[in-house]
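# Chain and residue survey
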Amino acid sequence: MDENITPNNDNLDLGNQQQDFENTLSGNEAAPESNLDFKNRIDLSELQRGIALIKDEIGKVIVGQKGMIDMLIASILANGHSLIEGVPGVAKTISAKLLAKSLDVGFSRIQFTPDLMPSDILGTSIFDMKSSEFQFKKGPIFSNMILIDEINRAPAKTQAALFEVMEERQITIDGNKFIMDLPFIVLATQNPIEQEGTYRLPEAQLDRFLFKIDIDYPNLEEEIEIINREQALQGGSKTDKITAHLSKADISKFQVLVSQIIIETHLVKYIADIIVNTRSNPFLYLGASPRASIAILKASKAFAAMNGRDFVTPEDIKQAAIPVLQHRVIVTPEREMEGVTSKQIIKQIIEAVEIPR
């Protein structure tokens, strides 16, 4: 490819990416004329205002955890589900609840336990004596944002009840199809330390999550701020001051905007190169599937929109790669015994794949 007509990402000033990108396209004779004025085609100002409001609301309670909040918002914009993993007490559940409360959408929480049955989630048919017919009673899954707490504590048959609804936004019971009300987002939590009495999520289930978000402990300054905020509450509720800002229509509109974000052909190949490298890496027993390619595409568009750009850059793809891929690949037993993690291998793959020039 001719370097004179391709964006030079090394020299691209972050503050002027939009203008530099357009200047590059204007020198490309093969570029369609319709692409020359895309700067004003996608207005992201309303989306950014909405995101800022959500972050302000969550910031009233949550200290730090900027990366987690960004990925949760990106998962909503990309119409994907998120698996939040962290030790107890690092605000996994309350972060999901705060996010739901900052949105004017339906919300339900399901606590997964070993005795939970699929009908407890999806619903069940009950015989109505008056009409002499079976009536379907909807379960808690019929909402817009679903928080599944400790998802790995339910047995396999209960976990499997989520397969269809997470992928197709519908459930089939007694031969009847029920379409979910959109937006439909599942946020699930799990504890990576305590494994007694838990059921490991199968790979097919993990593959349905757009992101796997790892949450670490707060640093010293954040810990002090957490304690000070708790002291200032004086017994009050943490969520009383949270205000809902975005409606279902707003979220659906923003999801459409994100899907229209522009990505150049050479960046599509960059995503494909990363995915193909996971399949040939000797440290990985299982590489990423085509669903992972699509997930990186959607997530990178969401990150670009959150940064006020209507085009994807390699940095957006890098930002999306680890949370999208780390739960979709399997490390070989030999490397796993050595303590090598999927995150480390994905980082190495990203560093090895050449960034498009």
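Scoring rules and cut-offs
Residues numbered from 1 in each chain as written. Predicted model: local features only at pLDDT ≥ 70, side-chain atom pairs only at ≥ 80, totals over all residues. Heavy atoms only, no water. Helix = DSSP H or I, 4+ residues; strand = E, 2+ residues; numbered from the N terminus. Buried < 20%, exposed > 50% of the residue type's maximum accessible area, 1.4 Å probe, protein only. Contact = heavy atoms within 4.5 Å. Areas by Shrake-Rupley, 256 points an atom, 1.4 Å probe, with all protein chains shown as cover. Core = buried A, V, L, I, M, F, W, Y, C linked by side-chain atoms within 4.5 Å. Pairing = 2+ DSSP bridges. Axes fitted to C-alpha atoms, helices over the stretch in contact; angles between N-to-C directions. Phe/Tyr/Trp six-rings, centres within 6.5 Å; stacked < 30°, edge-to-face > 60°. Lys NZ or Arg CZ within 6 Å of the ring centre and 35° of its normal. Patch = residues over 30% accessible without salt bridge, like charges linked within 9 Å, V, L, I, M, F, W, Y side chains within 5 Å. Salt bridge = Lys/Arg side-chain N within 4 Å of Asp/Glu carboxyl O. Parallel < 35°, antiparallel > 145°, perpendicular 65-115°, else oblique. Left-handed = near helix turned anticlockwise from the far one by under 90°. Nonpolar A, V, L, I, M, F, W, Y, C, P; charged D, E, K, R; others polar.

## What to know about the overall build of the protein chain
- If you tally the helices and strands in the protein chain, you get 15 helices and 13 strands.
- Counting all 357 residues of the protein chain, 48% fall into the buried class.
- The contacts in the protein chain between residues at least 6 apart in sequence include a share of 76% that link residues at least 24 apart.
- In the form shown here, the protein chain has an accessible surface area of approximately 18100 Å², with 51% of it arising from carbon and sulfur atoms.

## What to know about the nonpolar core
- Leu77, Phe211 and Leu325 are the most contacted members of the largest nonpolar core, which totals 72 residues.
- Top contributing element to this core by residue count: helix H12 (residues 290–306), with 9 residues.
- Among all residues touching Phe211, those that are not within four sequence positions of it are Met71, Ala74, Ser75, His81, Ser82, Leu83, Ala299, Phe303, Pro323, Val324 and His327.
- Among the nonpolar cores identified, the runner-up in size contains 25 residues, and Ile121, Ile141, Phe178 and Phe184 belong to it.

## Examining the environment of Lys66
- Locating Lys66 in the fold gives a position in helix H3 (residues 66–77).
- With a relative accessible area of 59%, Lys66 lands in the exposed category.
- For the pair formed by Lys66 and Lys55, sequence separation is 11 residues and the distance between their alpha carbons is 9.0 Å.

## Thoughts on the side chain of Gln170
- One can find Gln170 in strand E7 (residues 170–173).
- On the accessibility criterion, Gln170 (11% relative accessible area) is buried.
- Aside from chain neighbours lying at most four places away, what touches Gln170 is Glu164, Val165, Lys177, Phe178, Ile179 and Met180.

## Side note on the sheet that holds strand E1 (residues 82–85)
- Pairing in this open sheet of 5 strands is parallel, and the strands run E3-E6-E9-E1-E10 from one edge to the other. Edge positions in the sheet fall to strand E3 (107–111) and strand E10 (211–214), since each of these pairs with one other strand and no more. The sheet shows a mean angle of 20 degrees between the axes of neighbouring strands, taken without regard to direction.
- The pairing of E1 with E10 spans 4 bridges and is parallel. Counted as the bridge partner of Ser82 is Phe211 from E10.

## Section: the packing of aromatic side chains
- On inspection of all chains with the given rule, the structure shows 5 aromatic pairs.
- Ring geometry for Phe127 against Phe134: centres 5.2 Å apart, planes inclined by 65 degrees, an arrangement best described as edge-to-face.
- For Phe127, a relative accessible area of 39% translates into the label partly exposed.
- Arranged with centres 6.0 Å apart and planes meeting at 25 degrees, the rings of Phe211 and Phe303 form a pair that is stacked. Of this pair, Phe211 sits in strand E10 while Phe303 sits in helix H12, and the two are 92 residues apart along the sequence.
- Grouped by ring-pair contacts, the aromatic residues Phe136, Phe142 and Phe178 constitute a single cluster.
- The ring centre of Phe163 lies 4.8 Å from the NZ or CZ of Arg208, which sits over that ring.
- Here the basic side chain of Arg309 rests over the ring of Phe311, its NZ or CZ set 5.8 Å away from the ring centre.

## Digging into unusual backbone geometry
- In the segment running from Leu182 into Pro183, the intervening peptide bond is cis, with an omega of 0 degrees.
- Note on placement: Pro183 falls in the loop between strand E8 (176–179) and strand E9 (185–190).
- Phi at Glu150 takes a positive value of approximately 55 degrees, unusual for a residue other than glycine.
- Along the polypeptide, Glu150 turns up in the loop between strand E6 (145–149) and helix H6 (156–160).

## Here we look at a nonpolar patch on the surface
- Residues Phe127, Met129 and Phe134 make up a contiguous nonpolar surface patch of roughly 380 Å² in combined accessible area.
- Of note, Phe127 is situated in strand E4 (residues 123–128).

## Focus: the packing of H12 against helix H13 (residues 314–325)
- Between H12 and H13, the shortest axis-to-axis distance is 8 Å and the interhelical angle comes to 130 degrees. Our classification of the angle between H12 and H13 gives oblique. For the element pair H12 and H13, the recorded crossing hand is right-handed. Where H12 abuts H13, its residues Ala292, Ala295, Ile296, Ala299, Ser300, Phe303 and Ala304 lie against Asp316, Ile317, Gln319, Ala320, Ala321, Val324 and Leu325.
- Across the contact of H12 with H13, the residue classes tally to 11 nonpolar, 2 polar and 1 charged.

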